[in-house]
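Chain and residue survey
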Amino acid sequence: MMEPPQAASPDQTSEVNAPAAVSVRSVETLTKRQDFQRVARARRAAKPGFIVQMRRRAPEEAGGIRVGFTCSKKVGNAVARNRAKRRLREIARLTLPERGLDGADYVLIGRRETTATLPFDQLLRDFNAALDVLHGEAR
RNA sequence: GCGGAAGGCCGGAUGGCCGCGGUCCUGGCAACGGGAUCGAGGAAAGUCCGGACUCCCAGAAGCAACGGUGCCGGGUAACGCCCGGGCGGGGCAACCCGACGGAAAGCGCCACAGAAAAGAAACCGCCUUGUCACCCGGUCGGGCAACCGAAACCAGUGGCGGGUAAGGGUGAAACGGUGGGGUAAGAGCCCACCGCGCGACUGGCAACAGAAGCGGCACGGCAAGCCCCACCGGGAGCAAUGCCAAAUAGGGAUCGCGCGCCGACCGGCAACGGAAGGCGGGGCCGCUUUUGCCCCAGCAGAUCCGGGUUGGCAGCUGUAGCCAUACGGGCAAUCGUAUGGUCAGAGGAAUGGUCAUCGAACCGGGGUAACCCGGGGAACAGAAUCCGGCUUACAGGCCUUCCGCGCAU
RNA sequence: GGCGAGUUGGCGGAGUGGUUACGCAGCGGAUUGCAAAUCCGUGUACGCGAGUUCGAUUCUCGCACUCGCCU
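Residues numbered from 1 in each chain as written. Chains lettered and ligands numbered in written order. Predicted model: local features only at pLDDT ≥ 70, side-chain atom pairs only at ≥ 80, totals over all residues. Heavy atoms only, no water.

**Things to note about the sheet that holds strand β1 (residues 27-29)**
Definition in use: The pairing criterion for strands is at least two bridges between them, as found by DSSP. Going along the chain from the N terminus, every DSSP run of H or I of four or more residues is numbered as a helix, and every run of E of two or more is numbered as a strand. Only the stretch in contact is used when fitting a helix axis, every axis being a line fitted to C-alpha atoms; angles between N-to-C directions are given from 0 to 180 degrees. Residue contacts follow a heavy-atom distance rule, with two residues in contact if any of their heavy atoms lie within 4.5 Å.
Judged by pairing direction, the sheet is mixed, and its 5 strands sit side by side in the order β1-β4-β5-β3-β2 without closing on themselves. Since the sheet does not close on itself, it has two edges, and those belong to β1 and β2 (43-47), each with one partner. On average, each strand axis in the sheet is inclined to that of its neighbour by 25°, with strand direction left out of account. Here strand β3 (residues 50-56) pairs with strand β5 (residues 104-110) via 7 bridges, running antiparallel. Along β5, the bridge assignment pairs Gln 53 with Val 107. Relative to strand β4 (residues 65-70), helix α4 (residues 78-99) is tilted by about 165°, and along the sheet it contacts β1, β3, β4 and β5.

Written out as structure tokens, the structure is:
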């Protein structure tokens, strides 16, 4: 309930600071178990090739876009897991610097079979669609 | 040509664009850039062995315990690995496979079935050299005969005693096999051949092989049951370990632990006090010996609990190296020498994405065939301290050598 | 990454070189007016593959899976 009213002003301030922020625009990687668990409690959007979770950090936390990747043993052996994570990293690299929200954590979860085999175009389209949904809910 | 055996190698290729990790150089006050170069495997896997390395347990020797290995010789830093040899087994062969010391040191086990499961014994059976009884026969005695009687002999039946292990359903396994002689019946009791055991001597470093001769046969299986013999082995693991910073605490509990004896000398009138040192005692590896250290009254130490941290640096990749080439020793594993090269080092973890061309398997169609057209799109699998092995997974392809069969010459 | 332990019916859980206990659950029956409880009966198992042995759930080796510990 506190989000909507205050969400407008931080957005504006971030656009005021835009020159600096946009030039940074780098995406940090999540590593801590704690971060993953916080994001896991937030919104999610499931697609055939992956699941996306997103969480907006509290204002007192640091800014910037952060993203994490995870593939459990269900995805397959080490080769399959690494391949799935690489493709997830690639779609995040191509998409998030432009579309990611400042101050948000994203987590992409690989899925068995599909993450490694679906056409790359479809993964990109699905990721954009998932971001539409998540951002829409967030505002 | 078909079918096999052994060894080795490869295991998608090239290019464009956009990215990732390390190192080096470089621009910039900084933020942030630019360039060069390197960047997964034969198994990187399982973690099954062996080491390097680090820390812990006082050092050494012996013994015990525990664990491992197990034909012999060699290779190696080492190995449970590799090479060569021996023996046994499989295959026509090339060749392959084998936890392959000891069961006449000991203990234990061998269910069910079976007479019996390990000192051999004797349930059925077979036999009757002993003895007793019976007797329809022969025989003997009597009688003309029917028949009566007898038990010395022959044959038979039964009991007792004895002999025997040829045969016996069983079982995974049954105490040499076959033939002949022999005997009351039988038996290595005797003989021939085969098997088995011991074995002078010969060859070999050895495992082992050959073998004169001897033994009448004694010795079942299981040691991946205990065990014996020989050899080897401390424990833990890079999340080991060391350093720095920050933060919190600056505490609690327990243990060593037995309040030894003598004592030159010093102080004191004395009681007594102090005291170097000596003896003794206690503690520190499971035990013993030996060496060493510590303690015997003061403070420090050790262990555990409680509390705090989840940051950084080192270890971290360059060597028992590895790779390539050449030469030499060796049957070989492998060793030596020379020259050249050096080959991922991350730290939640880098090799990717995409496009184009080419492309193996496989599928469909055509063709006698070589092959052509279309589709299709690459096995198992990803370094985490590092090496040497083993084991397991793996689409498909290539090379070398060899064996058998068929055809031709 | 390293180290260790374990796989026995649907579940829990003993055990041993010779046809695998026991409890709960399930099914059938008895009892009851109906149930519960109780009693009787009953089915179902040694993770997979090799080896040793006459014979393996047990002993040995390999593989698979599950669980735990260490920063």
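**What to know about the nonpolar core**
For the record, the criterion: Within this scheme, the nonpolar core is defined by two criteria: the residues are buried Ala, Val, Leu, Ile, Met, Phe, Trp, Tyr or Cys, and they are joined through side-chain atoms within 4.5 Å. Summary of the burial criterion: residues with accessible area below 20% of their type's maximum are buried, those above 50% are exposed, and those between are partly exposed, where the area comes from a 1.4 Å probe applied to protein chains only.
Membership of the largest hydrophobic core comes to 21 residues, with the highest contact counts inside it found for Phe 50, Ile 91, Leu 96, Tyr 106, Leu 108 and Phe 127. Of all the elements in the fold, those that place two or more residues in this core are β3, β4, α4, β5 and α6 (120-138). By residue number, the principal contributor to this core is α6, which donates 5 residues. Leaving out residues up to four positions away in the same chain, Leu 96 has contacts with Val 27, Ile 65, Val 67, Tyr 106, Phe 127 and Leu 131.

**What to know about the pairing of β4**
The criterion, for reference: Here the term right-handed applies to a crossover when the path leading from its first strand over the helix to its second strand runs clockwise, the strands being oriented away from the viewer.
Most of β4 sits out of view: 5 of its 6 residues are buried. Pairing between β1 and β4: 3 bridges, direction parallel. Each residue of the ladder has a partner; that of Glu 28, found in β4, is Arg 66. In this structure, β4 lies alongside β5, joined through 5 bridges in parallel fashion. Across the sheet, Thr 70 pairs through a bridge with Ile 109, a residue of β5. With α4 bridging β4 and the parallel β5, this β-α-β connection has left-handed handedness.

**Considering the packing of aromatic side chains**
Where we set the bar: Any Phe, Tyr or Trp ring, taking Trp's six-membered ring, that has another such ring centre within 6.5 Å forms a pair; planes under 30 degrees apart are called stacked, those over 60 apart edge-to-face, and the others tilted.
Under the criterion given, the structure shown has 1 aromatic pair. Note on Phe 50 and Phe 127: the rings are 6.1 Å apart at their centroids and 70° apart in plane angle, and the pair reads as edge-to-face. Linking Phe 50 in strand β3 with Phe 127 in helix α6, this pair joins segments that are 77 residues apart in sequence. Residue classification places Phe 50 among the buried positions, given a relative accessible area of 0%.

**A word on α4**
Our working rule: Expected helix span is taken as 1.5 Å per residue step, with the number of steps being one fewer than the number of residues. Two axes are fitted around each residue, one to the seven residues ending there and one to the seven starting there, and the angle between them is reported as the bend at that residue.
Compared with an ideal rise of 1.5 Å per residue, which puts 22 residues at 32 Å, α4 spans 31 Å between its outermost C-alpha atoms and is within 8% of the ideal. Along α4, the largest kink reaches about 35° and is centred on Arg 93; proline Pro 97 follows within four residues of it. Taken together, the buried positions of α4 are Ala 84, Arg 87, Leu 88, Ile 91, Ala 92, Thr 95 and Leu 96.

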